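One letter stands for each residue in the lines below.
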Amino acid sequence: MLKEESFKYYAAPMFFFMMLVDAHLTRTFLSWSHGDYIWSTHLLLLIMFFAVTRLSQRYMIISALIIGSIFDVYYLGVLGIYAVAFPLVVWLMYLLEETLYKNLLTESFGWIILVTCIELITLGIQLLFKLTSINIVYFVAHFLGPTLLVNILIFAVLYYPLSKLFYSK
Amino acid sequence: MKKFNPNKNIIITLILVIIAVGALSLTVAQRAKDEKSSVIQVVINDSVAFVDKVVFAPARWFDNGVRSVQNLLVTYEENERLKEKIDAYDALERQNKSYEREVAALKEELELNATLTNFQKVTANVITRSPDSWQDMLVIDKGATDGIEVNMAVIAKHGLIGRVLEVNAMSSKVELLTSENQTSNHYPVRISTEKGEVFGLLKGYDVTRDALVVEQLTGKTPISKDDIVQTSGLGGNSPADLLVGTVIESEVDKFGLDQKVYVKPYAYSHDLSVVTVIE
């Protein structure tokens, strides 16, 4: 339902806007849970997940690289964590698209895998560079768990409208 | 690209890994050394901060409105509590004023211009907070043009919450005390016990207990619950007498040599909208 040609012009600003919305949503959830559980939303990834069916691989990976770098420089101050994680995950999305038949079940599992991948990749890079230290049980229960939960909920809520928007029937 | 040429792919992957590791190492080193941010960083940070602040201003107003209503609801109980405290306050204030006069006179005698307790405050709004689960950072809307420099202490309401990590022209990044970064600067603190003062270093944050950890304490004075912890200003890197928190418990570490003190912070760092930077 989206016009094919003009989509690639406003896709990148839309990704940027989603990145800002993500951070504000995450912060709101954080203050609701009084700092105990971090519910990190990945709306940006969700939009990219659906946009993968409409945009070329080169465009997506380059914009993922740029958005990842802006994310890094603005939110973290170090270049390289999300600048590496986003293009990798987008490349994974294309891989999934090539090999899997698109169907609600496969897409939801694909989504869960992608969210877990991005969390683990960013965690891995930060551990490697000693930017953080973890206590595995606590962090899985308080960070990974709620993140996955809120992302599954977002996927469930937004799947139908987004698929109507992006998938040309 | 159906032809799979293994050599070419491996070389490309290796080059990309080298670039990524190089970029990361460079920026981590730059962040740790407190150098001024490069022009590109300043430009990107400031433009994104500006867009963020402008676009989400309505959300901020809504949030402030909700907060005001919440404050209104607890006003009555707070009023009762405060009335009880006001009697002791007057005597303390008079005593404080005479101490201030004495200190000012002594400073003038010794011609001390800038001491550890002279500081100016700059208030800033929090634009956003780092959404990454592992790095705890705030982006605030005051920068080099407002006099902010790297390593300045940041407080919220009453308690210390962190340090300025990076400064751009119109925005800055504040690293919170609760972040697990192992390369950041540590605050020297002072614990006031009944038997005297103990000095130590604020080494980190224990997530399971939700408390800051103070280590490397001098002396063997016993530390009891509810002792007040403040920054000591020693080392010249941070101002003195900023409130950090109160002691929850203290324990001796595995080797029996050092004490570890767990401190409950005064300021809650999960719901910040306005912070103050101490110059």
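Note that the structure is a prediction, hence the values are computed from the model and not measured.

With that out of the way, let us pick up the overall build of chain A. Counting secondary structure elements, chain A contains six helices and zero strands. Walking chain A from its N terminus toward its C terminus, one meets helices and strands in the order α-α-α-α-α-α. Over its C-alpha atoms chain A spans a radius of gyration of 16 Å, differing by no more than 12% from the 15 Å that the globule rule assigns to 169 residues. Residues classed as buried in chain A amount to 52% of the 169 residues present.

Looking now at the side chain of A:Thr147. Residues and elements named next belong to chain A. Inspection of the secondary structure puts Thr147 in helix α6 (residues 136–166). The buried category is assigned to Thr147, whose relative accessible area is 0%. Apart from the residues within four sequence positions on either side, Thr147 is in contact with Ile38, Trp39, Ser40, His42, Val115 and Glu119.

Confidence along chain B averages 82 in pLDDT terms, with 92% of residues attaining 70 or more. Mean pLDDT across the secondary structure elements of chain B bottoms out at helix α4 (residues 75–110) of chain B, with 83, and peaks at strand β2 (residues 137–140) of chain B, with 89.

On to the nonpolar core. Among the nonpolar cores identified, the biggest contains 57 residues, and A:Phe15, A:Met19, A:Phe50, A:Met60 and A:Phe86 are the most heavily contacted of them. Within the residue set of this core, elements represented by two or more residues are α1 (4–32), α2 (43–51), α3 (57–76), α4 (82–99), α5 (104–128) and α6 of chain A together with α1 (6–32) and α2 (39–55) of chain B. B:Ile155, B:Leu160, B:Val189 and B:Leu202 belong to the second largest nonpolar core, which has 29 residues in total.

A separate point is α5(A). Residues and elements named next belong to chain A. Its 25 residues give α5 an end-to-end C-alpha distance of 36 Å, which sits within 8% of 36 Å, the value for a rise of 1.5 Å per residue. All of the buried residues in α5 are Glu107, Gly110, Trp111, Leu114, Val115, Ile118, Glu119, Thr122, Leu123, Ile125 and Gln126. Trailing α5 by a residue or two, Lys130 shows a phi angle of about 55 degrees, which is positive.

Another point: the pairing of strand β11 (residues 259–265) of chain B. Residues and elements named next belong to chain B. Across three bridges, the pairing between strand β8 (residues 211–215) and β11 is antiparallel. Each residue of the ladder has a partner; that of Leu212, found in β11, is Val263. Alignment of strand β10 (residues 240–252) against β11, held across seven bridges, turns out to be antiparallel. Each residue of the ladder has a partner; that of Glu251, found in β11, is Lys260. The turn joining β10 and β11, which pair antiparallel and follow one another in sequence, is formed by six residues; a positive phi near 75 degrees is taken by Gly256.

A separate point is the packing of aromatic side chains. Under the counting rule described, the total for this entry stands at 14 aromatic pairs over all chains. These aromatic residues form a ring-pair network of at least three members: A:Phe49, A:Phe50, A:Trp111, A:Phe155, A:Tyr159 and A:Phe166. Taking NZ or CZ as reference, A:Lys102 lies 5.6 Å from the ring centre of A:Phe49, over its face. The ring of B:Tyr262 is capped by B:Arg209, whose NZ or CZ atom sits 4.0 Å from the centre of that ring.

As a further point, take the interface of chain A and chain B. How big an interface is tends to be reported as the loss of accessible area on association of its parts. Chain A puts 42 residues into the contact, and the matching count from chain B is 41 residues. Buried area between chain A and chain B, summed over both chains or domains, comes out near 4,000 Å², and the portion from carbon and sulfur atoms is 65%. Taken together, chain A and chain B are joined by zero salt bridges. In this structure, the connection of chain A to chain B is made through nine residue pairs in polar contact (both at pLDDT 80 or more). Every element with two or more residues in the side of chain A that touches chain B is listed here: α1, α3, α4, α5 and α6 of chain A. Among the elements that line the side of chain A that touches chain B, the one with the most residues is α1(A), at 10 residues. Of the residues in the side of chain A that touches chain B, the class split is 26 nonpolar, 13 polar and three charged.

Parameters at a glance
Residues numbered from 1 in each chain as written. Chains lettered and ligands numbered in written order. Predicted model: local features only at pLDDT ≥ 70, side-chain atom pairs only at ≥ 80, totals over all residues. Heavy atoms only, no water. Helix = DSSP H or I, 4+ residues; strand = E, 2+ residues; numbered from the N terminus. Rg over C-alpha atoms; globule rule 2.2 N^0.38 Å. Buried < 20%, exposed > 50% of the residue type's maximum accessible area, 1.4 Å probe, protein only. Contact = heavy atoms within 4.5 Å. pLDDT = per-residue confidence, 0-100. Core = buried A, V, L, I, M, F, W, Y, C linked by side-chain atoms within 4.5 Å. Expected span 1.5 Å × (residues − 1). Pairing = 2+ DSSP bridges. Phe/Tyr/Trp six-rings, centres within 6.5 Å; stacked < 30°, edge-to-face > 60°. Lys NZ or Arg CZ within 6 Å of the ring centre and 35° of its normal. Buried area = accessible area lost by both parts, 1.4 Å probe. Salt bridge = Lys/Arg side-chain N within 4 Å of Asp/Glu carboxyl O. Polar contact = N/O pair within 3.5 Å; in protein donor to acceptor, adjacent residues only side chain to side chain. Nonpolar A, V, L, I, M, F, W, Y, C, P; charged D, E, K, R; others polar.

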